[in-house]
Amino acid sequence: SPLPPPGPTQLLLLARRTDLRRISLDTPDFTDIILPTDDIRHAIAIDYDPVDGHIYWTDDDVRAIRRSYLDGSDAQFIVTSQVNHPDGIAVDWIARNLYWTDTGTDRIEVTRLNGTMRKILISEDLDEPRAIVLDPVAGYMYWTDWGEVPKIERADLDGTERLVMVNTSLGWPNGLALDYTDRMIYWGDAKTDKIEVMCMDGSGRRILVEDKLPHIFGFTLLGDYVYWTDWQRRSIERVHKHTTEREFIIDQLPDLMGLKATYVHQTFGTNLCAEANGGCSHLCLYKPVGVQCACPIGLELIADLSTCIVPEAFLLFSRHTDIRRISLETNNNNVAIPLTGVKEASALDFDITDNRIYWTDITLKTISRAFMNGSALEHVVEFGLDYPEGMAVDWLGKNLYWADTGTNRIEVAKLDGQHRQVLVWKDLDSPRALALDPAEGFMYWTEWGGKPKIDRSAMDGTGRITLVPNVGRANGLTIDYAERRLYWTDLDTTLIESSNMLGLEREVIADDLPHPFGLTQYQDYIYWTDWSQRSIERANKTSGQNRTVIQGLCGAARPWKPIS
Ligand SMILES: *[C@@H]1O[C@H](CO)[C@@H](O)[C@H](O)[C@H]1NC(C)=O
Ligand SMILES: *[C@@H]1O[C@H](CO)[C@@H](O)[C@H](O)[C@H]1NC(C)=O
Ligand SMILES: *[C@@H]1O[C@H](CO)[C@@H](O)[C@H](O)[C@H]1NC(C)=O
């Protein structure tokens, strides 16, 4: 076997604001050496992977997670989108995954170590998540939250089975460290000014240090020592976990942030994710009960519980500040598309050619788009919108059409918002839903004002005719392109109706719907949301038979769309 590589065996890695440093723990002189990694703007959290020798850190200024080798080589940006204030980072050295907390997006997320296959694990009930540490052998992650109710929580490595471990006598629990040998959890609190410890099962909480700790920030443990940085003392100190003997490692160095004490090459432990990625096609997340395969955003786990596929058909729907999707094939739970800043998404559409979703936001009064994975979010129309409730993508002409109930206009622009033009404005009374038939060159819309109706015109706004005059307030207008039929929900009659493309041969498909709202059609089914039932239901598109609730929804669902 090869000789062990030269150099130190134990290191303390330090994130300062604008540089990263290493301090050998093998000898007692504790000289700090700046790593030759350039362009560090505001490094916060730091971790290390002894298997590959990569050092990982978060940078609050460039809003990214980065890595490089200790000698500064192979410097990469690992995660750059949807990163706000990433304050905690942790390497799962067994499954080869990276976890982080973000106090800006209030999420805990995971990716492979190279930044691919990103998945949001926890996005609810996080206030100000900061430190995160992993116990991959046992299948747990632990994190701190310094929000309104400060706490230390635990979950399985897939984000499930959350448990509050501590929520009393905490202030700003900034630092967290696991002692894998003694099965203990240590934490440092910058408000109570204490270092405390308890058993990993939550029992036996006690204070380790409680004097001269003005502002703990970074926190780590290796062997018999707990190390921490202190903002006020501008120091790194350590304390022996049994004797509580304290010692300065560094004194009078400003801008000390995260800290990681580690072996350079040595690791320990294994689990089922170590072998062939646990049989998982994408993410292997280890839990106390065994392997949980998981998929990055946009993919779905199929019935073998190991393989992620791109779903061929899914529904998109909006719910308050979320845009969510449900696979129609794998019958999976619905998942949120990771978008920030959505206030009240209303109309939604999808452009399959470049995998982008488009939506109107009736609070922000904008039309926006982003990729399905949530990246590259941009507002394409920001001015002159009031209540844009109807919108559709013309996938042939690469145009965006919308109907505005407030301004009483139907407009068009290129998909990037350029070359905007008003198409219909005369005699338009509260236009609501909009559907396009680009192959035939027609657009269809419903109006709610005065005398509700369904109208049609050419896609340049000319040749307007009324197709369906005797109708209530119709919503969720959709086209079955294969069978050449129109479908709509009627809020007043509480029906779903259908007609041919000229508004004739009307048929009632479903009746007695409490508050039908969005409507769409896919293959043999129509799908609709109901506001008061808070559900997504489906039925056969011609007979209305076999009505089933496919998903209960918490909160109101607005229009949505199946994509195939
Ligand atoms: C990222 O890592 C995964 C898992 O190790 C690997 O399958 C994938 O090819 C890597 N992708 C890139 C772009 O390096
Ligand atoms: C603290 O945690 C316990 C146990 O989970 C819970 O019952 C209690 O409501 C929490 N207290 C606060 C203030 O959140
Ligand atoms: C998101 O998807 C787009 C288009 O499919 C792709 O170009 C981009 O690299 C993806 N971004 C991430 C972070 O996966």
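Residues numbered from 1 in each chain as written. Chains lettered and ligands numbered in written order. Predicted model: local features only at pLDDT ≥ 70, side-chain atom pairs only at ≥ 80, totals over all residues. Heavy atoms only, no water.

In the nomenclature of an unreviewed UniProt entry, the protein is known as EGF-like domain-containing protein of Oncorhynchus mykiss.

Engineer: What am I meant to see in the layout of surface pockets here?
Structural biologist: Here the idea is plain: a probe the size of a water molecule rolls over the atoms and shows the empty space left. When its volume is computed, the largest pocket comes out at roughly 1400 Å³. Along its surface, the largest pocket is lined by 45 residues, and I120, L121, N334, V335 and A336 are the ones closest to its centre. If you list the elements that add at least two residues to the lining of the largest pocket, you get β11 (119-122), β26 (290-294), β27 (300-301), β30 (322-327) and β31 (335-336). Tallied by class, the residues present in the lining of the largest pocket amount to 19 nonpolar, 15 polar and 11 charged. (1 Å grid on protein atoms, 1.4 Å probe; cavity = no way out; pocket = protein on both sides within 12 Å on 5 of 7 lines; lining within 4 Å. Points joined across faces, edges and corners; volume = space filled by probe spheres on them. Helix = DSSP H or I, 4+ residues; strand = E, 2+ residues; numbered from the N terminus. Nonpolar A, V, L, I, M, F, W, Y, C, P; charged D, E, K, R; others polar.)

Engineer: Would you take a moment to explain the site of ligand 1 for this structure?
Structural biologist: All residues adjacent to ligand 1 are R112, N114 and T116. N114 places a polar side-chain atom, nitrogen or oxygen, 2.3 Å from an oxygen atom of ligand 1. Starting from 360 Å² of accessible surface for ligand 1 in isolation, the protein chains cover 34%. (Near = heavy atom within 4 Å. Polar contact = N/O pair within 3.5 Å; in protein donor to acceptor, adjacent residues only side chain to side chain. Areas by Shrake-Rupley, 256 points an atom, 1.4 Å probe, with all protein chains shown as cover.)

Engineer: Looking at this model, I keep getting lost on the packing of aromatic side chains. Mind explaining?
Structural biologist: The relative placement of two aromatic rings is captured by the distance of their centres and the angle of their planes. Tallied over the full model, the rule gives nine aromatic pairs. Taking 5.9 Å as the distance between ring centres and 80° as the angle between the ring planes, the aromatic pair formed by W93 and Y180 counts as edge-to-face. Of the two residues, W93 sits in the loop between β8 (86-92) and β9 (97-102) while Y180 sits in the loop between β16 (173-179) and β17 (184-189), which places them 87 residues apart along the sequence. On the numbers, 5.3 Å between centres and 55° between planes, the contact of W93 with F268 is tilted. One end of the pair, W93, is in the loop between β8 and β9; the other, F268, is in the loop between β24 (256-263) and β25 (283-287), with 175 residues separating them in the sequence. Taken together, the aromatic side chains of W93, Y180 and F268 make up a single cluster linked through ring pairs. Its end group placed over the ring of Y140, R154 keeps NZ or CZ at 3.8 Å from the ring centre. (Phe/Tyr/Trp six-rings, centres within 6.5 Å; stacked < 30°, edge-to-face > 60°. Lys NZ or Arg CZ within 6 Å of the ring centre and 35° of its normal.)

Engineer: How do you make sense of the pattern of salt bridges when you look at a structure like this?
Structural biologist: Two side chains with opposite charge may pair up if their charged atoms get near one another. Taken as a whole and assessed by the stated rule, the structure comprises 42 salt bridges. Measuring nitrogen to oxygen at the nearest pair gives 2.9 Å for the salt bridge that ties D19 to R21. For the pair shown, D19 and R21 are each scored as buried. The salt bridge involving D480 is made with K541; its shortest N-O contact spans 2.7 Å. One end of the pair, D480, is in strand β44 (residues 474-480); the other, K541, is in the loop between β50 (535-540) and β51 (548-552), with 61 residues separating them in the sequence. Given a relative accessible area of 7%, K541 falls into the buried group. One connected set of salt bridges, linked through shared partners, spans D211, K212, R233, E237 and R246. (Salt bridge = Lys/Arg side-chain N within 4 Å of Asp/Glu carboxyl O. Buried < 20%, exposed > 50% of the residue type's maximum accessible area, 1.4 Å probe, protein only.)

Engineer: How do you make sense of the sheet that holds β8 when you look at a structure like this?
Structural biologist: The strands that make up a sheet pair up through hydrogen bonds in the backbone, lying either parallel or antiparallel. The antiparallel open sheet is built from four strands, whose spatial order is β8-β9-β10-β11. One side of each edge strand has no neighbouring strand; the edge strands of this open sheet are β8 and β11. When strand polarity is set aside, the average angle formed by the axes of neighbouring strands in this sheet is 25°. Note that β9 and strand β10 (residues 107-112) share six bridges and pair antiparallel. Paired with N97 across the two strands is R112, which belongs to β10. (Pairing = 2+ DSSP bridges. Axes fitted to C-alpha atoms, helices over the stretch in contact; angles between N-to-C directions.)

Engineer: When you look at the site of ligand 2 in this model, what are you seeing that I'm missing?
Structural biologist: Close to ligand 2 lie V149, V164 and N167, which account for all nearby residues. Here N167 contributes a side-chain N or O atom positioned 2.3 Å from an oxygen atom of ligand 2. Protein burial of ligand 2: of its 360 Å² of free accessible surface, 30% is covered by the chains.

Engineer: So what exactly am I meant to see when it comes to the pairing of β17 here?
Structural biologist: Two faces belong to every sheet, and in a regular strand the side chains alternate between them. Across the six residues of β17, six count as buried, placing the element largely inside the fold. Taking every second residue as pointing to the same face, both faces of β17 are buried, with M184, Y186 and G188 on one and I185, W187 and D189 on the other. One ladder, built from six bridges, connects β16 with β17; its direction is antiparallel. Directly across from D179, in β17, lies its bridge partner M184. Pairing of β17 with strand β18 (residues 194-199) involves six bridges; the strand directions are antiparallel. Bridge assignment links G188 to a residue of β18, and that residue is I195. Taking the residues that link successive antiparallel strands as the turn, the β17-β18 hairpin has four residues, and the phi of D193 there is positive, at about 55°.

Engineer: Please explain the environment of I326 as it appears in this structure.
Structural biologist: With respect to the helices and strands, I326 occurs in strand β30. Overall, I326 belongs to the buried group, its relative accessible area being 2%. It is 35 Å that separates the C-alpha atoms of I326 and L428, two residues lying 102 residues apart in sequence.

Engineer: Which parts of the structure should I look at to understand the UniProt feature "repeat: LDL-receptor class B" (unreviewed entry) in the protein?
Structural biologist: Those places that UniProt annotates as "repeat: LDL-receptor class B" (unreviewed entry) correspond, in this numbering, to residues 53-95, 96-138, 139-182, 183-225, 355-397, 398-440, 441-483 and 484-525. Between the end C-alpha atoms of residues 53-95 there is a gap of 15 Å, over a span that is 0% helix and 53% strand. Here residues 484-525 is 0% helix and 57% strand, with 14 Å between the C-alpha atoms at its ends. (UniProt positions renumbered as here; feature names shortened; annotations may be inferred.)

Engineer: Looking at this structure, how should I read the sheet that holds strand β2 (residues 20-24)?
Structural biologist: Overall, antiparallel pairing links the four strands, which are arranged β3-β2-β1-β24 in an open sheet. The strands lining the two open edges of the sheet, one partner per strand, are β3 (32-34) and β24. Between one strand and the next, the sheet's axes are offset by a mean angle of 25°, whatever the strand orientation. Pairing between β2 and β3: three bridges, direction antiparallel. When the bridges of β3 are listed, R21 appears paired with I34.

Engineer: Help me out: how do you make sense of the nonpolar core in this one?
Structural biologist: Nonpolar side chains tend to gather and get buried jointly when the protein is soluble and globular. Of all hydrophobic cores here, the largest spans 29 residues; its most connected members are L20, I55, L70 and L98. Listing elements by their share of this core, those giving two or more residues are β1 (10-16), β4 (43-49), β5 (54-59), β7 (76-79), β8 and β9. When residues in this core are grouped by element, the largest group, five residues, is from β4. When sequence neighbours within four positions are dropped, the list of residues in contact with L70 reads L11, L13, R22, L35, P36, Y48, G53, I55 and V264. In this structure, L121, I132, C273 and L283 belong to the second largest nonpolar core, which totals 25 residues. (Core = buried A, V, L, I, M, F, W, Y, C linked by side-chain atoms within 4.5 Å. Contact = heavy atoms within 4.5 Å.)

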